Amino acid sequence: MRRSLLVLALLLLAACSEKTDQTYTVDQLTADEGLLARILAECRNNPGELRETANCKNAEAADGKLRLEKMRKALGG
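Not measured: the values here are computed from a predicted model.

Turning next to the pattern of salt bridges. Two side chains that carry opposite charge are able to pair once their charged atoms sit near each other. A full pass over the atoms with the stated rule returns seven salt bridges. Among the ionic pairs, K65 bridges to D27, the shortest N-O distance being 3.3 Å. Pair noted here: K65 is in helix 5 (residues 54-74) and D27 is in helix 2 (residues 26-31), with a separation of 38 residues, a long-range link. Its relative accessible area of 34% is what places K65 among the partly exposed residues.

In structure tokens form, the structure reads like this:
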């Protein structure tokens, strides 16, 4: 009985804990420009804390990749 109460308490605590943010890849971000724009805005609004996070680095890489693709298309390539 005590053991089942302990397990139940742990499950409740786990359900209430904060979920960690998902880390997106460069490919995921280039495929979803809305998500990319949201992450870039967050990163640029708080560079001191977020600049070195994986999502910010991947978002900057995805933004650069999309810009190059758009320039190539504009130049006929």
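Structure's up, so let's keep going.
Let's shift gears to helix 5. With 21 residues, helix 5 should cover 30 Å at 1.5 Å per step; its first-to-last C-alpha distance of 30 Å lies within 8% of that length. Of the positions making up helix 5, those classed as buried are N55, C56, A59, A62, D63 and L66. Down the axis of helix 5, the buried set is contained in an arc of 120°. They therefore lie on one face. Check the buried side of helix 5 and you find it contacts helix 2, helix 3 (33-45) and helix 4 (47-50). Taken from the residues just after helix 5, G76 is the one with a positive phi, measuring 85°.

This next bit is on the nonpolar core. Grouped together as the largest cluster of nonpolar side chains are 11 residues: Y24, L29, L35, L36, I39, L40, C43, C56, A59, A62 and L66. Apart from residues lying up to four places away in sequence, L35 is in contact with Y24 and L29.

Let us now look at the environment of C43. Its place among the elements puts C43 in helix 3. Accessibility expressed as a relative area gives 7% for C43, which makes it buried. Separated by 10 residues in the primary sequence, C43 and T53 have C-alpha atoms spaced 8.8 Å apart.

Turning to the layout of surface pockets, a few remarks are in order. When its volume is computed, the largest pocket comes out at roughly 240 Å³. Lining of the largest pocket is provided by 13 residues; of these, D21, Q22, I39, E42 and N55 occupy positions nearest its centre. Looking at the lining of the largest pocket, the elements with two or more residues in it are helix 3 and helix 5. It is helix 3 that provides the largest number of residues to the lining of the largest pocket, a total of four residues. Here the lining of the largest pocket is composed, by residue class, of six nonpolar, four polar and three charged.

Procedures and definitions
- Residues numbered from 1 in each chain as written.
- Predicted model: local features only at pLDDT ≥ 70, side-chain atom pairs only at ≥ 80, totals over all residues.
- Heavy atoms only, no water.
- Salt bridge = Lys/Arg side-chain N within 4 Å of Asp/Glu carboxyl O.
- Helix = DSSP H or I, 4+ residues; strand = E, 2+ residues; numbered from the N terminus.
- Buried < 20%, exposed > 50% of the residue type's maximum accessible area, 1.4 Å probe, protein only.
- Expected span 1.5 Å × (residues − 1).
- Arc of directions from axis to C-beta.
- Contact = heavy atoms within 4.5 Å.
- Core = buried A, V, L, I, M, F, W, Y, C linked by side-chain atoms within 4.5 Å.
- 1 Å grid on protein atoms, 1.4 Å probe; cavity = no way out; pocket = protein on both sides within 12 Å on 5 of 7 lines; lining within 4 Å.
- Points joined across faces, edges and corners; volume = space filled by probe spheres on them.
- Nonpolar A, V, L, I, M, F, W, Y, C, P; charged D, E, K, R; others polar.

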